[in-house]
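Residues per chain, in single letters:
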Amino acid sequence: MNVTVCQSCGMPLTTPAQFGTEADGNATREYCIYCYKEGMFQQPNITLEGMIEMCTAILKEEGTDEESARSMLRNQLPFLKRWNRSTSERNEKRNSVEPVRYITLPGKRLAGVSARTTNAIEMSGKGCIQGLWDRYFTSGPLPAPEAARYGCYADYTDGIHGEYTILVGHEVAADETLPDGMNSIELPPATYAVFTSRKGPMAEVVGEAWGAVWAWNHQHERTFTGDFELYDERSMDPANVQVDLYIAVKQAKPSADQ
């Protein structure tokens, strides 16, 4: 069974016992039982900010750093169904999300440290991505500090809902021998929709950029052959990062009326 998340609080839904229920008693996989029961929200008047604070307290009790939990929730919750449809202002913002450009690139080989995970696990505060970045920068040998780094997402099992491989690393030659402990991913030639974050702290802007990808109206264009974050010379200062997200799409550019 694929892992999904509650579209109100972001809680991973891994078993039927966690599913909310409709008025007729049937289960729904859109919301958890704590947020939605018998066809009604259990906290009908709670605001988005109130949900963020409530979930921050829960994650803090489970061992997540309070600042990290709050930042993650502020990046992720606004794009969940309950909140991104709550006001016309959010709908207008959602509908305005577009990539800055499209580009077709040849295949490339990336090498680094990797793991399997899901969006649900990462949103739960128990993810592995930050740990992979820490591991990568303590491994070696590594390219010069100014060399581009990548956060690569590949081997998807079910798009945004299922497992995928996350690799943190750098580009290497096709025939390069890798040091012990390093893995590689071969990205095929592909067309990408490119999203560019604002400048700011890495923990904030990367999550915001992915939120924009998930809110994009052309999800049907994604191919999931491999996506990546590009960290170049604009990412030397962790407190003032700007990152590009390359999202693999079908070769035909989506038209404005799709």
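Residues numbered from 1 in each chain as written. Predicted model: local features only at pLDDT ≥ 70, side-chain atom pairs only at ≥ 80, totals over all residues. Heavy atoms only, no water.

When its secondary structure is counted, the protein chain shows 7 helices and 14 strands. Whereas a compact globule of 258 residues would reach a radius of gyration of roughly 18 Å, the protein chain reaches 19 Å, a difference of no more than 12%. Dimensions of the protein chain, computed from C-alpha atoms along their principal axes, come out at roughly 60 × 45 × 35 Å. Residues classed as buried in the protein chain amount to 45% of the 258 residues present. Accessible surface, the protein chain as shown: approximately 13100 Å² in total, 52% of it carbon and sulfur. Across the protein chain, the centroid of the 24 positively charged side chains sits 3 Å from that of the 35 negatively charged ones. (Helix = DSSP H or I, 4+ residues; strand = E, 2+ residues; numbered from the N terminus. Rg over C-alpha atoms; globule rule 2.2 N^0.38 Å. Buried < 20%, exposed > 50% of the residue type's maximum accessible area, 1.4 Å probe, protein only. Areas by Shrake-Rupley, 256 points an atom, 1.4 Å probe, with all protein chains shown as cover. Lys, Arg positive; Asp, Glu negative; His and termini not counted. Charge placed at Lys NZ, Arg CZ, Asp CG, Glu CD.)

As a further point, take the packing of helix H2 (residues 66-76) against helix H7 (residues 202-215). The N-to-C vectors of H2 and H7 enclose an angle of 25°; their axes lie 8 Å apart at closest approach. One element, H2, and the other, H7, form an angle in the roughly parallel class. Helix-helix and strand crossings are classified by hand; for H2 and H7 the assignment is right-handed. Here Ser71, Asn75 and Gln76 of H2 come into contact with H7, specifically with Ala203, Glu204, Gly207, Glu208 and Trp214. Partitioning the contact of H2 with H7 into residue classes produces 2 nonpolar, 4 polar and 2 charged. (Axes fitted to C-alpha atoms, helices over the stretch in contact; angles between N-to-C directions. Parallel < 35°, antiparallel > 145°, perpendicular 65-115°, else oblique. Left-handed = near helix turned anticlockwise from the far one by under 90°. Contact = heavy atoms within 4.5 Å. Nonpolar A, V, L, I, M, F, W, Y, C, P; charged D, E, K, R; others polar.)

Each pocket or cavity is described by its volume, and for the largest pocket that value is around 1200 Å³. In terms of lining, the largest pocket is formed by 40 residues, of which the most central are Ile129, Gln130, Trp133, Ala203 and Val206. Those elements that place two or more of their residues in the lining of the largest pocket are H2, helix H5 (119-123), helix H6 (129-138), strand S9 (149-154), H7 and strand S13 (227-231). Residues that form the lining of the largest pocket fall into these classes: 22 nonpolar, 11 polar and 7 charged. (1 Å grid on protein atoms, 1.4 Å probe; cavity = no way out; pocket = protein on both sides within 12 Å on 5 of 7 lines; lining within 4 Å. Points joined across faces, edges and corners; volume = space filled by probe spheres on them.)

Turning our eyes to something else, we now look at H6. Every buried residue of H6 is accounted for by Ile129, Leu132, Trp133 and Tyr136. Buried residues of H6, seen end-on, are gathered within an arc of 100° and therefore sit on one face of the element. Structural note: H6 exposes Gln130 and Thr138 on the side pointing more than 90 degrees away from its buried face. On its buried side, H6 packs onto strand S8 (108-117), H5, S9, strand S10 (164-172), H7 and S13. (Arc of directions from axis to C-beta.)

What follows concerns the pattern of salt bridges. Summed over all chains, the structure comprises 13 salt bridges. Residue Lys60 is joined to Glu66 by a salt bridge in which the shortest nitrogen-to-oxygen separation is 3.1 Å. The closest approach of N and O atoms between Lys108 and Glu171, which form a salt bridge, is 3.8 Å. Taken together, the positions of Lys108 in strand S8 and Glu171 in strand S10 put the pair 63 residues apart, joining distant regions of the chain. When salt bridges that share partners are traced, they join Glu49, Glu53, Lys60, Glu66, Arg70 and Arg74 into one network. (Salt bridge = Lys/Arg side-chain N within 4 Å of Asp/Glu carboxyl O.)

Now for unusual backbone geometry. Phi at Asp155 takes a positive value of approximately 55°, unusual for a residue other than glycine. Topologically, Asp155 is positioned in the loop between S9 and S10. The exposure class assigned to Asp155 is partly exposed, which follows from its relative accessible area of 48%. Positive phi outside glycine occurs at Phe224, with the angle close to 60°. Turning to its location among the elements, Phe224 is positioned in the loop between H7 and S13.

Right, let's talk about the sheet that holds S8 for a bit. Here we have 8 strands laid out as an open sheet, ordered S7-S12-S14-S13-S9-S10-S8-S11, and antiparallel in their pairing. Edge positions in the open sheet fall to strand S7 (101-105) and strand S11 (183-187), since each of these has one partner strand only. Sheet twist, expressed as the mean angle between neighbouring strand axes with direction ignored, is 35°. As paired strands, S9 and S10 are joined by 5 bridges and run antiparallel to one another. Directly across from Tyr150, in S10, lies its bridge partner Gly169. Along the sheet face, H6 touches S8, S9, S10 and S13 and points at about 25° away from the line of S10. (Pairing = 2+ DSSP bridges.)

Our focus in this paragraph is the pairing of S13. For S13, a buried count of 5 out of 5 residues is recorded, marking the element as mostly surrounded by other parts of the structure. Residues Asp227, Glu229 and Tyr231 of S13 are buried on one face, and the alternating residues Phe228 and Leu230, pointing to the opposite face, are buried as well. In terms of strand pairing, S9 meets S13 through 5 bridges, oriented antiparallel. Of the residues in S13, the one forming a bridge with Cys152 is Phe228.

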